[in-house]
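Here are the chains, one letter per residue:
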Amino acid sequence: VLSIILITSVKELDRKTYALHLYCKSMENSREGGWIICIVLFREKREKRMKLIGVYDYTVILTYLSMVSAVIGIVQASKGCFGGAILCILACGICDAFDGMVARSKKNRTEDEKSFGIQLDSLCDVVSFGVAPAFLCYCMGVDGVLGLVCICLYSLCALIRLAFFNVLETKRQQVEAGCNKFYRGLPVTSISIIFPLVYLLRGVFTDAVFAGILHGMLIVVAFLFVLDFKVPKIDIRKCFKQKVHQK
């Protein structure tokens, strides 16, 4: 019985290999001993197989939803459903507006969880506000050599803007808590507002003229992404508090 107690703990198996060897020798004709060892090893293997990497709590759910919405928008654009694609990009902007506030509501986040949230948010934004709008513009007539240049320029500037944000945000969180008071450069999420407004002009102009407007939109917005100027950041939490106090 004493030998069984020594080896039934998974941690003890690693630290007492010699004791395990002696036990197996003494119990090699016993099915009970072999059965106990098999159960322990099977449980350890099962636990490792069920473990997942990443974060799966409420702090990142809006970011995941934004990614799903962007993928749906790309599919809608490929099918010619441009209105549905615009709504998906708008939904991405709504999710991005609240994901930071939701994440900061968890007080006991670890440093790894904070870093994961920063990286996840930017990677999602590359698709939601970089790839998806560029692909939608291509489907709506921004093609040819000039169109390809505009799409690549926009996507590249969005990527540079997000990478720069990651560097600044990581350094900032090492010295202070809370959210930043302003942006440096136009945030990529602004395309979720600009694009729907520009899309309203589609019914006013011809397809050729509207495609030209999209060319101009991509160039101007791309330049503003990387231009170093301060853009005030709207604190949604403070806006809600002010409305509550007014009531």
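Residues numbered from 1 in each chain as written. Predicted model: local features only at pLDDT ≥ 70, side-chain atom pairs only at ≥ 80, totals over all residues. Heavy atoms only, no water.

Caption draft 1: Spotlight on the overall build of the protein chain. Secondary structure assignment for the protein chain yields 11 helices and 2 strands. The order of helices and strands in the protein chain, counted from the N terminus, is α-α-α-α-α-α-α-α-β-α-α-β-α. When each of the 247 residues of the protein chain is scored for burial, the buried share is 34%. Accessible surface computed for the protein chain: about 15800 Å², of which carbon and sulfur atoms make up 67%. (Helix = DSSP H or I, 4+ residues; strand = E, 2+ residues; numbered from the N terminus. Buried < 20%, exposed > 50% of the residue type's maximum accessible area, 1.4 Å probe, protein only. Areas by Shrake-Rupley, 256 points an atom, 1.4 Å probe, with all protein chains shown as cover.)

Caption draft 2: Inspection of the packing of aromatic side chains at higher detail. Going through the model one piece at a time under the given rule, you end up with 1 aromatic pair. Sitting over the ring of F182, K230 keeps its end group 4.6 Å from the ring centre. (Phe/Tyr/Trp six-rings, centres within 6.5 Å; stacked < 30°, edge-to-face > 60°. Lys NZ or Arg CZ within 6 Å of the ring centre and 35° of its normal.)

Caption draft 3: Structural context of the state of the cysteines. For the structure on display, the rule yields 0 disulfides. There is no disulfide at C88, and the cysteine sulfur nearest it, in C92, is 6.9 Å away. (Disulfide = S-S within 2.5 Å.)

Caption draft 4: Region of interest: a nonpolar patch on the surface. Together, L156, L159, I160 and V226 make up a nonpolar patch on the protein surface, roughly 340 Å² of accessible area in all. Among the elements that line the nonpolar patch, the one with the most residues is helix α8 (residues 144-175), at 3 residues. With respect to the element layout, L159 can be found in helix α8. Judged by its relative accessible area of 44%, L159 falls in the partly exposed class. (Patch = residues over 30% accessible without salt bridge, like charges linked within 9 Å, V, L, I, M, F, W, Y side chains within 5 Å. Salt bridge = Lys/Arg side-chain N within 4 Å of Asp/Glu carboxyl O.)

Caption draft 5: Representation of the confidence of the model for the protein chain within the structure. When the pLDDT values of the protein chain are averaged, the result is 81; 73% of them are 70 or greater. Here residues 1-13 scores under 50 on pLDDT; set against residues more than four positions off or in separate chains, the count is 16 contacts. Low pLDDT, under 50, characterises residues 31-47; the stretch is placed with 13 contacts to residues that sit more than four places away or in other chains. (pLDDT = per-residue confidence, 0-100. Contact = heavy atoms within 4.5 Å.)

Caption draft 6: Region of the structure containing the nonpolar core. Formed by 33 residues in total, the largest nonpolar core has its most connected members in L136, F195, L214 and M217. Listing elements by their share of this core, those giving two or more residues are α5 (61-78), α6 (82-104), α7 (111-139), α8, α9 (191-199) and α10 (207-226). Of all the elements, α10 adds the most residues to this core, at 7 residues. Not counting the four nearest positions on each side in its chain, L136 is found in contact with A77, F82, A85, I86, I89 and F195. (Core = buried A, V, L, I, M, F, W, Y, C linked by side-chain atoms within 4.5 Å.)

Caption draft 7: Molecular detail of the side chain of S192. Along the polypeptide, S192 turns up in helix α9. Its relative accessible area of 4% is what places S192 among the buried residues. Of the polar contacts made by the side chain of S192, one reaches the backbone oxygen of T189; its length is 2.6 Å. Setting aside residues no more than four positions away along its own chain, S192 makes contact with I89, L90, G93 and F129. (Polar contact = N/O pair within 3.5 Å; in protein donor to acceptor, adjacent residues only side chain to side chain.)

Caption draft 8: How the structure looks around α6. Taking 1.5 Å per residue as the helical rise, α6 with its 23 residues ought to reach 33 Å, and the 34 Å between its terminal C-alpha atoms agrees with that figure. Its maximal kink placed at F98, α6 deviates by approximately 30 degrees. (Expected span 1.5 Å × (residues − 1). Bend = angle between axes of the 7 residues up to and from the residue.)

Caption draft 9: Region of the structure containing the side chain of D96. Relative to the helices and strands, D96 resides in helix α6. Buried D96, no salt bridge; nearest opposite-charge side chain is K233, N-O distance 7.9 Å. The contact partners of D96, leaving out residues within four places of it in the chain, are D121, D125, F129 and T189. (Lys, Arg positive; Asp, Glu negative; His and termini not counted.)

Caption draft 10: Up close: the packing of α5 against α7. Between α5 and α7, the least distance of the axes is 9 Å, while the angle of their chain directions is 15 degrees. Classified by the angle their axes make, α5 and α7 are roughly parallel. Of the two elements, α5 crosses α7, and the hand of that crossing is left-handed. On the side of α5, the interface is formed by T63, Y64, S66, M67, A70, I74, A77 and S78, while α7 contributes F116, L120, D121, C124, V127, S128, V131, A132, F135, L136 and C139. Residue composition of the contact of α5 with α7, by class: 14 nonpolar, 4 polar and 1 charged. (Axes fitted to C-alpha atoms, helices over the stretch in contact; angles between N-to-C directions. Parallel < 35°, antiparallel > 145°, perpendicular 65-115°, else oblique. Left-handed = near helix turned anticlockwise from the far one by under 90°. Nonpolar A, V, L, I, M, F, W, Y, C, P; charged D, E, K, R; others polar.)

Caption draft 11: Just the pattern of salt bridges, in detail. In the structure shown here, the tally under the stated rule is 4 salt bridges. K106 is the salt-bridge partner of E113, the closest N and O atoms lying 3.7 Å from each other. Judged by its relative accessible area of 22%, E113 is partly exposed. Look at K106 and you get buried, because its relative accessible area is 19%. One salt bridge in this structure joins R184 and D228, with 2.8 Å as the shortest N-O distance. Of the two residues, R184 sits in strand β1 (residues 182-184) while D228 sits in the loop between α10 and β2 (230-232), which places them 44 residues apart along the sequence. On the basis of relative accessibility, which here comes to 34%, the residue R184 falls in the partly exposed class. Accessibility expressed as a relative area gives 53% for D228, which makes it exposed. Overlapping salt bridges bring together D57, K106 and E113 as one network.

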